[in-house]
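Observations on the model geometry
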Amino acid sequence: MKCKNSPLIILLIIMLTCAFLTTSGCSSKDENGTGDAVSGMEVTSGSDNASQPEGGSENNTLVLGEMWDIESIDPINGDGTLICEKAAITETLVGANEDFSLKPELATSWEQLDENTWEFKLRNNVTFHDGSKMTAKEVKFTLEKVISENSKVASMLKIDSIEVVDDYTLKIKTKEINPILPGVLHYPDTAIISPSSYNEKGELVKPVGTGPYKFESFDEQTRVLTVVKNENWWGGKVGLDKLILKGIPDPNTRAMAIENGEVDFTVDVPYSETDRIDTIDGINVEKYKTPRVYKLDLNLKHEPLEDVRVRQAMSYAINRSDIAENVLYNVGEAAAGPFLPTMVWANKSLKPYSQNLEKANELLTAAGWVDTDGDGIRDKDGKPLKLNLMTYAARPGLPPMAEAMAAQLREAGIGIETEVMEMGSIDDRREKGNWDLYLAAYNIAMVPDPEYILTNWYTTNGTDNTPGYSNPKVDSLITEARKITDPNERYKKFNEVEAIVYDEQPMIIVAYYGCAIVKKDYVKGYVFDPTAHDYRINAGMYLENKS
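Residues numbered from 1 in each chain as written. Predicted model: local features only at pLDDT ≥ 70, side-chain atom pairs only at ≥ 80, totals over all residues. Heavy atoms only, no water.

All right, on to the overall build of the protein chain then. Within the protein chain, the regular secondary structure consists of 15 helices and 23 strands. When burial is assessed residue by residue, the protein chain has 54% of its 547 residues classed as buried. Total accessible area on the protein chain stands at roughly 22,800 Å², and carbon and sulfur atoms take up 49% of it. (Helix = DSSP H or I, 4+ residues; strand = E, 2+ residues; numbered from the N terminus. Buried < 20%, exposed > 50% of the residue type's maximum accessible area, 1.4 Å probe, protein only. Areas by Shrake-Rupley, 256 points an atom, 1.4 Å probe, with all protein chains shown as cover.)

In structure tokens form, the structure reads like this:
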């Protein structure tokens, strides 16, 4: 039960809240702007995002503190997760249940006709936000647009041709056998959009989808995205009149925003603050497991890290349980492999590496790294074993985790310089190869199938294999698994891959990610989706007695 404040404090809070709301109301009236068009995108100059839709209500507008700056609203080329899951503008053909098995969404069923041919049946009662019907023709348009503009998704779809059989039937041929095609169609960047999303030049004007909320405006100056209720949603009643999404990349600022009433809903405030915030009257914190892992990438092109003994020693030097308890405050837990143990395809025989400094010492000494000058840092051929570790601050667990790992690796004689950087700078350093270690939190179920992660991370040409790992046995096992349609037989191959990379540690899996949802008590109807990539806004959300 929460601690309750004294009547005097409650009275003070009410007075301050009234003062804040009065100020906010004046501000919204003064910020009406006029529509404009920039770079083919519908935007507003100034900000009229707080104005209500016709027939709407201020009391039923949810203000959401998103964890990333909202850079664009392109639904098929990098921002699909925001548009599909957090703004609920678009929907995918295929959904996912809590156990990551697939379920119908805009497609009612699918069938593999032969090795390379699939047939998808579509719902016949879906309309786009522009009022037009969603048919196989628009689905074909969307998938071909994705293939032409998003090479990463195209490489997973492996589509050779798409045939419109009738208004609600599609036949898709793949270039090679691709058992995960339905799973890839759960990827948010494949969500279905109307051709009216683009102008005559093929430039995005605005995302026109089929979801419970429809696009109203995107302010490129403030980067505020506003969506409003879709009264004609095929799925039924929609709870909120309006949803305003504000990018707040700093976890401390998100915490202040929910406490001072700037937002009604946010995610991942500093984990050290979650228990305190949960005791504040009117705010609640819910903690969930989510399909994401904290992973330390190692640049295998750098001399000390190409040696498997050094990588194994580093993994033995890290105290994962201590990090989960004292850094993540149990919003997360120690990890072994890349998949949650609850996932049906996970290799459940793997256990997290336990901290073992004696073993780490044996491995590093065998690799030739010893402390010859007594400064506490090992060296070899006159070079000290010092590495830089990059990370970013938008996810609150990362900076303190980097510091904790640096201290633990220092105990093993490895010097670590941590750097908390902007994503642009990190990307630039990685592109140039000017990095040793990179700590980040990676989603593992954008496509609910093990092939998605194992291919992208661990195959020689994997799109996310930035460490540069290459093992012909791993490549061969994944290639063999692609040709197997029986799930259990496929999973056996993938379990072998997990065992190999667990032993070779080309990337060090540190912890499974926990998600902290922070919201006002008047936010009702929220249902956490464990398959979402951070969180998903559901149509049943509404506000009860927001004043």
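As a further point, take the packing of aromatic side chains. Centre distance and the angle of the planes are the two values used to describe a pair of aromatic rings. Inspection of the entire model under this criterion finds 19 aromatic pairs. Here the aromatic rings of W233 and W234 are separated by 5.7 Å at their centres, their planes lie at 55°, and the arrangement is tilted. The exposure class assigned to W234 is partly exposed, which follows from its relative accessible area of 23%. Ring geometry for Y392 versus Y438: centroids 6.4 Å apart, planes at 40°, classification tilted. With Y392 in the loop between strand 18 (386–391) and helix 11 (398–411) and Y438 in strand 20 (residues 437–443), the pair connects residues that are 46 residues apart, well separated along the chain. Under the relative-accessibility criterion, Y392 is labelled buried at 5%. Given the relative accessible area of 4%, Y438 is considered buried. Through a chain of ring-to-ring contacts, the aromatic side chains of F100, F339, W345 and Y491 assemble into a single cluster. (Phe/Tyr/Trp six-rings, centres within 6.5 Å; stacked < 30°, edge-to-face > 60°.)

Among the seven residues in strand 20, seven count as buried, and that is most of the element. Residues L437, L439, A441 and N443 of strand 20 are buried on one face, and the alternating residues Y438, A440 and Y442, pointing to the opposite face, are buried as well. Summarising the sheet, strand 14 (residues 283–298) and strand 20 pair through seven bridges and their orientation is antiparallel. By the bridge assignment for strand 20, K295 is matched with A440. Of the strand pairs in this sheet, strand 18 and strand 20 are connected by two bridges, and their pairing is parallel. (Pairing = 2+ DSSP bridges.)

Spatial ordering of the open sheet is given by 6-7-9-8, a layout of four strands whose pairing is antiparallel. Unpaired on one side and paired on the other, strand 6 (107–114) and strand 8 (159–166) mark the two borders of the sheet. Recorded for the sheet is a direction-independent mean angle of 20° between the axes of neighbouring strands. Across the face of the sheet, helix 3 (residues 136–149) comes into contact with strand 7 (117–122), strand 8 and strand 9 (169–174) while running at roughly 170° to strand 8. (Axes fitted to C-alpha atoms, helices over the stretch in contact; angles between N-to-C directions. Contact = heavy atoms within 4.5 Å.)

Turning our eyes to something else, we now look at unusual backbone geometry. In this structure, R223 is a non-glycine residue whose phi angle is positive, near 55°. Mapping R223 onto the fold places it in the loop between strand 10 (213–219) and strand 11 (224–229). Overall, the relative accessible area of 31% leaves R223 in the partly exposed class. Even without being glycine, D381 reaches a positive phi, approximately 50°. Examined against the element boundaries, D381 turns out to sit in the loop between strand 16 (379–380) and strand 17 (383–384).

In terms of nonpolar packing, the biggest core is built from 160 residues, with L225, Y294 and M314 touching the most fellow members. Ranked by residues supplied to this core, first place goes to strand 21 (residues 507–520) with eleven residues. Counting only domains with at least three residues in this core, you end up with domain 1 (61–264 + 522–543) and domain 2 (292–514). Once residues lying within four places of it in the same chain are set aside, the contact partners of M314 are L296, L298, L305, L387, L409, I414, L437 and I508. (Core = buried A, V, L, I, M, F, W, Y, C linked by side-chain atoms within 4.5 Å. Domains from an automatic or database assignment.)

Another point: helix 10 (residues 357–366). Inspection of helix 10 places A360, L363 and L364 among the buried residues, and these make up the whole buried set. Mapping the buried residues of helix 10 onto a view down its axis gives an arc of 95°, with all of them on the same face. Of the exposed residues in helix 10, those oriented more than 90 degrees away from the buried face are E358 and A366. At its buried positions, helix 10 is contacted by helix 8 (308–317). (Arc of directions from axis to C-beta.)

This part takes up the packing of helix 8 against helix 10. Viewed as axis vectors pointing N to C, helix 8 and helix 10 meet at an angle of 165°, and their least axial separation amounts to 8 Å. Relative to helix 10, the element helix 8 lies roughly antiparallel. For the pair helix 8 and helix 10, the crossing hand works out as left-handed. Here R309, V310, Q312, A313, Y316 and A317 of helix 8 come into contact with helix 10, specifically with L357, K359, A360, L363, L364 and A366. Its residues placed into classes, the contact of helix 8 with helix 10 shows nine nonpolar, one polar and two charged. (Parallel < 35°, antiparallel > 145°, perpendicular 65-115°, else oblique. Left-handed = near helix turned anticlockwise from the far one by under 90°. Nonpolar A, V, L, I, M, F, W, Y, C, P; charged D, E, K, R; others polar.)

Function cannot be read off these values alone, since they describe shape.
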